[in-house]
Amino acid sequence: MHERDPDRPVTVVNRFQVKGDIAEFEGEFRDHSQFLRGQEDFDFSLTVGLVDDPRVYVRLGYWRTLRGFLDVVRHDAFVEHVRRIGPKVVTEADQAVSVRRHVREASTAGSSSVVLLSAEVYGDCVELERRFAELSARCDEADGFGGSDLLRSAVRPFTYTGVLWWRDAGHCDRAEATDGYRAALDAQREVAWVTTERSRHVAFERAIC
């Protein structure tokens, strides 16, 4: 599959549920993030925390190539970071490729202005992607919309992660309350099992090398 081409971009999706002290985890996580930012082929990352469960964090790490990511995970320093963080969390991981991305502006750090969408397609994948684009278009009709990204799993067929973000929590609240947003979201549920999670923007970080 072309999604596993080592020279193509990949997004690593990590979900962490913190078992112990959140502040201790965040400190270790910041150190790990700084390490990744300095690695060849790292592009940028977005980290959010779930509003309804403050112990759950999701990080989307964008890499210019799959090869670059795989080279880093073999690095002794990477293994040491995982050794320190691993006992503090229950984690899930996925590798995905972006199939529909639309960017207008950034959300405000600290604001609850990011919506994560998880979809498992039981219909047509192309139709799910088209309907996500319609959802993004409905959001784009109002002020304050920052953008969206739809990621197709490279390791779990028919599984998608979607991200939609707004300038701040108020704009996100108003968008979620509109008939157009709700109708577009319901349309996706005609072809997939879809859940959404409201999230807080924790950090957006670019490569430093």
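Just above sits the structure.
Remember, predicted model here, so these are calculated numbers, not experimental data.

Within the chain one finds six helices and eight strands. Each of the three principal axes of the chain carries a C-alpha extent, and together these read 50 × 40 × 30 Å. In the chain, which comprises 209 residues, the proportion classed as buried is 48%. Taking contacts inside the chain between residues at least 6 apart in sequence as the whole, the part at least 24 apart equals 80%. Working note: accessible area of the chain is about 10300 Å², and carbon and sulfur atoms make up 50% of it.

Further remarks concern the pattern of salt bridges. Pairing is possible between side chains that carry opposite charge, provided their charged atoms lie close to one another. Tallied over the full model, the rule gives 21 salt bridges. Between lysine 88 and glutamate 24 there is a salt bridge whose closest N-O contact spans 3.7 Å. On the criterion of sequence distance, the pair formed by lysine 88 in the loop between helix H3 (76-85) and strand S4 (89-103) and glutamate 24 in helix H1 (residues 22-37) is long-range, its members being 64 residues apart. Relative accessible area serves as the criterion here: at 44%, glutamate 24 is assigned to the partly exposed category. In this structure, the salt-bridge partner of aspartate 94 is arginine 156, at a minimum N-O distance of 3.4 Å.

Within the structure shown, the criterion is met by eleven aromatic pairs. Taken together, a centroid distance of 5.5 Å and an interplanar angle of 40 degrees make the contact between phenylalanine 44 and phenylalanine 204 tilted. Highlighted residues: phenylalanine 44 in strand S2 (residues 42-50) and phenylalanine 204 in strand S8 (residues 192-206), separated in sequence by 160 residues. Ring centres 5.4 Å apart and planes at 65 degrees place the aromatic pair phenylalanine 145 and tryptophan 166 in the edge-to-face group. Of this pair, phenylalanine 145 sits in strand S6 (residues 145-153) while tryptophan 166 sits in strand S7 (residues 159-166); the two residues are 21 residues apart in sequence, bridging distant segments of the chain. With respect to burial, phenylalanine 145 and tryptophan 166 carry one shared label: buried. The ring of phenylalanine 44 carries arginine 206 above its face, with NZ or CZ at 5.8 Å from the centroid.

Let's shift gears to the environment of leucine 135. Structurally, the position occupied by leucine 135 is in helix H4 (residues 125-140). Those residues within four positions of leucine 135 in sequence are excluded, and the remaining contacts are Leu117, Leu164, Tyr181, Ala184, Leu185 and Gln188.

This part is about the packing of H1 against H3. Between H1 and H3, whose axes approach to 10 Å, the crossing angle comes to 165 degrees. In terms of axis orientation, H1 runs roughly antiparallel to H3. Here H1 runs over H3; the crossing is left-handed. From H1, Phe25, Glu28, Phe29, Asp31, His32, Phe35 and Leu36 reach across to H3, where they touch Ala77, Phe78, His81, Arg84 and Ile85. Within the contact of H1 with H3, the residues separate by chemical class into seven nonpolar, two polar and three charged.

Rules used in this analysis
- Residues numbered from 1 in each chain as written.
- Predicted model: local features only at pLDDT ≥ 70, side-chain atom pairs only at ≥ 80, totals over all residues.
- Heavy atoms only, no water.
- Helix = DSSP H or I, 4+ residues; strand = E, 2+ residues; numbered from the N terminus.
- Buried < 20%, exposed > 50% of the residue type's maximum accessible area, 1.4 Å probe, protein only.
- Contact = heavy atoms within 4.5 Å.
- Areas by Shrake-Rupley, 256 points an atom, 1.4 Å probe, with all protein chains shown as cover.
- Salt bridge = Lys/Arg side-chain N within 4 Å of Asp/Glu carboxyl O.
- Phe/Tyr/Trp six-rings, centres within 6.5 Å; stacked < 30°, edge-to-face > 60°.
- Lys NZ or Arg CZ within 6 Å of the ring centre and 35° of its normal.
- Axes fitted to C-alpha atoms, helices over the stretch in contact; angles between N-to-C directions.
- Parallel < 35°, antiparallel > 145°, perpendicular 65-115°, else oblique.
- Left-handed = near helix turned anticlockwise from the far one by under 90°.
- Nonpolar A, V, L, I, M, F, W, Y, C, P; charged D, E, K, R; others polar.

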